[in-house]
Amino acid sequence: MARHLITSAIPYINGIKHLGNLVGSQLPADLFARYQRGRGHEVMFLCATDEHGTPAELAAAKAGKPVAEYCAEMHEVQARIAEGFRLSFDHFGRSSSVQNHKLTQHFAGRLADAGLIREVSETQMYSHADGRFLPDRYIEGTCPNCGFESARGDQCDNCTKQLDPTDLINPYSTISGSTELEERETKHLYLRQSEMRGKLADWIDSKSDWPVLTTSIAKKWLNDGDGLQDRGITRDLDWGVPVMKGDAPWPGMEGKVFYVWFDAPIEYIAAAQEWVDAGKGTDWARWWRTDKGAEDVTYTQFMGKDNVPFHTLSFPVTIFGSGEPWKLVDYIKSFNYLNYDGGQFSTSRGRGVFMDQALELLPADYWRWWLLSHAPESSDSEFTWESFQSSCNKDLADVLGNFVSRVTKFCRSKFSEAVPEGGNYGPDELALIEDISRRVRTYEQHMEAMEVRKSAQDLRAIWAAGNEYLQTVAPWSTFKTDPAKAAIQIRLALNLIPLYAVLSAPFIPDAAASLLGSMNAEETPWPDDVAAQLSKLAPGHAFTVPEVTFRKITDEERDSWQERFAGTRD
RNA sequence: GGCGCGGUAGCUCAGUUGGUUAGAGCGAUCGACUCAUAAUCGAUAGGUCGGGAGUUCAAGUCUCCCCCACGCCA
């Protein structure tokens, strides 16, 4: 039995995510976790909410709530939606947890001891009205270059000139609108990533089996311009992990917190500690410490391409730099973006389908199937309602759902709601069994390799094989001349249903569970031996004809949804 | 402007280390079947593999140049 540690990039606390975010990390991670569990392996699947930083503070202020309260509420909202999509996290943690605070401070202390952190003095804009330092993009003013009046502190949107907040004429806070800004000297900590450049490059070079998307992004950051740059890991904020050197105070860093990108990935580890503290397990170290049982763990991370630099460079610097035997990632599966109907998803314009809305329209399985079978692996892909309707109706309703329906209903009308008596499987049956066996092995290979789209194609072909068989042997006509032979044919077809359910469970867990229930075959294991599995439902085994497993999406629904989620176009 | 990923049948995409007549699903057309969610199954459809040049006995698959789309960065 292998052991798999699986993490999904942690979604930011601010707001509900859209389908593109879902398919970029959490959903494929869940597919892989469910598959590995299905194969009988031990799995630890972790995710969390990323809660620190200015956007969270501003969103809380807008909602009129203290930031801690806002985050707690939003965490619950995201947790419920994740449940709705059947994301099977062993724990869904919070980067604001005590566990993460302690661990982040611990890592910072270790990195400081290793000489990998340096202090830098810089000037930053302080807003008296807001009572805080302002990040560059929260300051606007008149561009000194082109005169544009809403130039941001980091760049002018009009002439694209790169700016410093101090360059702006008549700068003001975009939070309060206040013009009472003052340049103040402040000290920050920088992680000396550049020190690790060689080690990181060697490490990345050794990962020849990683997706090109992952390694190309990592190499770009390692080699572009002057190479990997040091990065600030602290901010002048209230909401975050207070800067400490392990358990000790950090002189000169009072009132500062670590910047989100530093503490967020550490939450992967802290989430396992939260898992223990929540009473769900007893030993987190055997997943995360190679000196405490994690040496045989395979660790896989899932994320969208925007997160690749943090996972290939920054977080590994933290791990390497600690000098402690933390489990390092073995494989990074990254995804491109999902576009929406000819453009991008847009939160501000209400364009595209968001996770909560999706579940109001249809059960999770429909979304899971479309998203996974169209996962943006090799390039950006696009959601259209036509494609969604077509895939769901054709694959789920016609090929899989209708197969179950035709078999069970035929059996009920010609025999009974139990597997009929008959004889032994003949040549046609053995041929199908061999065909399915071969296809299952291919499916397994693609799932092991996290080839999501190909796996979906394989699965669909396995479903279709059942229909092909029925069409060939035609039990409805066999029945007229040789009822016993028809009984054999139907017995095999009935046996395909629990097999399909188990194989499909990683993609469509709810439908899989309901099919197993209908067939009274809840305990069906993964078909390591397909032939044996297809004889498991013996004559006399009772079942019930299931309700419609997947209903069809009508043209009217498709059109109305398309209109409803179009947002305000440019 | 630099960089990255792409540009393969109407649509969505596969195409391993270069090698027989370039593949799948959907759609379309024709046919078969009638157990089933008007479902299924089979056959067919002939795409200069973005454009050009080069390397090679042989290139969608390697090299160079150009064009287009998308994204990232400064």
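Residues numbered from 1 in each chain as written. Chains lettered and ligands numbered in written order. Predicted model: local features only at pLDDT ≥ 70, side-chain atom pairs only at ≥ 80, totals over all residues. Heavy atoms only, no water.

A. Region of the structure containing the sheet that holds strand E6 (residues 139-142). Pairing within the open sheet is antiparallel, and its 3 strands lie in the order E7-E6-E8. The open sheet has two edge strands with one neighbour each: strand E7 (151-152) and strand E8 (169-173). Of the strand pairs in this sheet, E6 and E7 are connected by 2 bridges, and their pairing is antiparallel. Within E7, the position partnered with Glu-140 by the bridge is Arg-152. (Pairing = 2+ DSSP bridges. Helix = DSSP H or I, 4+ residues; strand = E, 2+ residues; numbered from the N terminus.)

B. Structural context of the protein's contact with RNA strand B. By nearness alone, 29 residues border RNA strand B, and Ser-378, Asn-402, Arg-406, Lys-409 and Phe-550 come closest of all. Counting only atoms of RNA strand B within 4 Å of the protein, the sugar-phosphate share comes to 77%. Contacts to RNA strand B include Trp-476, whose side-chain N or O atom sits 3.2 Å from a sugar or linking oxygen. One nitrogen or oxygen atom from the main chain of Phe-550 is found 2.6 Å from a base nitrogen belonging to RNA strand B. Those elements giving two or more residues to the surface near RNA strand B turn out to be helix H12 (385-414) and helix H14 (452-473). Looking at the surface near RNA strand B, the element that brings in the most residues is H12, giving 10 residues. (Near = heavy atom within 4 Å. Polar contact = N/O pair within 3.5 Å; in protein donor to acceptor, adjacent residues only side chain to side chain.)

C. Main features of the sheet that holds strand E2 (residues 42-49). The strand order E3-E2-E1-E15-E16 describes an open sheet built from 5 strands, whose pairing is parallel. Of all strands in the sheet, those with a lone pairing partner are strand E3 (91-94) and strand E16 (331-335), marking the two edges. Taken over all neighbouring pairs, the strand axes of this sheet differ in orientation by 20 degrees on average, direction set aside. Across 6 bridges, the pairing between strand E1 (residues 3-8) and strand E15 (residues 297-304) is parallel. From the neighbouring strand, Arg-3 faces E15, where its bridge partner is Val-297. (Axes fitted to C-alpha atoms, helices over the stretch in contact; angles between N-to-C directions.)

D. Fine view of the packing of aromatic side chains. Considering all chains together, one arrives at 31 aromatic pairs under this definition. Ring centres 5.2 Å apart and planes at 80 degrees place the aromatic pair Tyr-126 and Phe-133 in the edge-to-face group. Its relative accessible area of 11% is what places Phe-133 among the buried residues. Members of the aromatic cluster, each reached through a chain of ring pairs, are Tyr-340, Trp-367, Trp-370, Phe-383, Trp-385, Phe-388, Trp-561 and Phe-565. The ring of Phe-320 carries the charged tip of Lys-199 above its face, separated from the ring centre by 4.7 Å. (Phe/Tyr/Trp six-rings, centres within 6.5 Å; stacked < 30°, edge-to-face > 60°. Buried < 20%, exposed > 50% of the residue type's maximum accessible area, 1.4 Å probe, protein only. Lys NZ or Arg CZ within 6 Å of the ring centre and 35° of its normal.)

E. Geometry of the packing of helix H4 (residues 98-113) against helix H9 (residues 308-322). Here H4 crosses H9 at 65 degrees, and the two axes come no closer than 8 Å. Of the possible angle classes, the one that applies to H4 and H9 is roughly perpendicular. Crossing hand, H4 versus H9: left-handed. Each of Phe-107, Arg-110 and Leu-111 in H4 lies in contact with H9, whose residues at this interface are Val-317, Thr-318, Ile-319, Gly-321 and Ser-322. Looking at side-chain class alone, the contact of H4 with H9 contains 4 nonpolar, 3 polar and 1 charged residues. (Parallel < 35°, antiparallel > 145°, perpendicular 65-115°, else oblique. Left-handed = near helix turned anticlockwise from the far one by under 90°. Contact = heavy atoms within 4.5 Å. Nonpolar A, V, L, I, M, F, W, Y, C, P; charged D, E, K, R; others polar.)

F. Structural context of the pattern of salt bridges. For the coordinates displayed, the defined rule picks out 30 salt bridges. Between Asp-528 and Arg-39 there is a salt bridge, and its shortest N-O distance comes to 3.2 Å. Of this pair, Asp-528 sits in the loop between helix H17 (509-518) and helix H18 (530-533) while Arg-39 sits in the loop between helix H1 (19-38) and E2, and the two are 489 residues apart along the sequence. According to the relative accessible area criterion, Asp-528 is exposed, its value standing at 53%. In this structure, Arg-558 engages Asp-555 in a salt bridge whose closest nitrogen and oxygen atoms are separated by 3.9 Å. Of the two residues, Arg-558 and Asp-555 are both situated in helix H19 (residues 555-564); the distance of 3 residues between them amounts to about one turn of the helix. Each of Arg-39, Arg-441, Glu-444, Glu-448 and Asp-528 takes part in a single network of salt bridges with overlapping partners. (Salt bridge = Lys/Arg side-chain N within 4 Å of Asp/Glu carboxyl O.)

G. H1, seen in detail. Where H1 bends most, at Gln-26, the angle is about 40 degrees, and the proline Pro-28 comes one to four residues later. Among the 20 residues of H1, 16 are classified as buried, and the element is accordingly described as predominantly covered. Backbone geometry just downstream of H1 places Gly-40 in the positive-phi region, at approximately 90 degrees. (Bend = angle between axes of the 7 residues up to and from the residue.)

H. How the structure looks around the environment of Glu-195. Residue placement: Glu-195 occurs in the loop between strand E9 (181-191) and helix H5 (197-205). Glu-195 sits 79 residues away from Leu-116 along the chain, and the two C-alpha atoms are 7.6 Å apart.

I. The packing of H12 against helix H16 (residues 483-504), seen in detail. Between H12 and H16, whose axes approach to 10 Å, the crossing angle comes to 140 degrees. Considering their axes alone, H12 and H16 lie oblique with respect to each other. The hand of the H12/H16 crossing is left-handed. Taken together, the residues of H16 that come into contact with H12 (itself represented by Leu-400, Phe-403, Val-404, Val-407, Thr-408, Phe-410 and Cys-411) are Ile-490, Ala-493, Leu-494, Leu-496, Ile-497 and Tyr-500.

J. Geometry of unusual backbone geometry. In this structure, Asn-170 is a non-glycine residue whose phi angle is positive, near 50 degrees. When you line up the elements, Asn-170 lands in strand E8. A residue is classified by how much of its surface remains accessible, and Asn-170, at 57% relative accessible area, is exposed. Phi is positive for Asn-520, which is not a glycine, with a value near 55 degrees. With respect to the helices and strands, Asn-520 occurs in the loop between H17 and H18. When its relative accessible area of 41% is taken as the criterion, Asn-520 is described as partly exposed.

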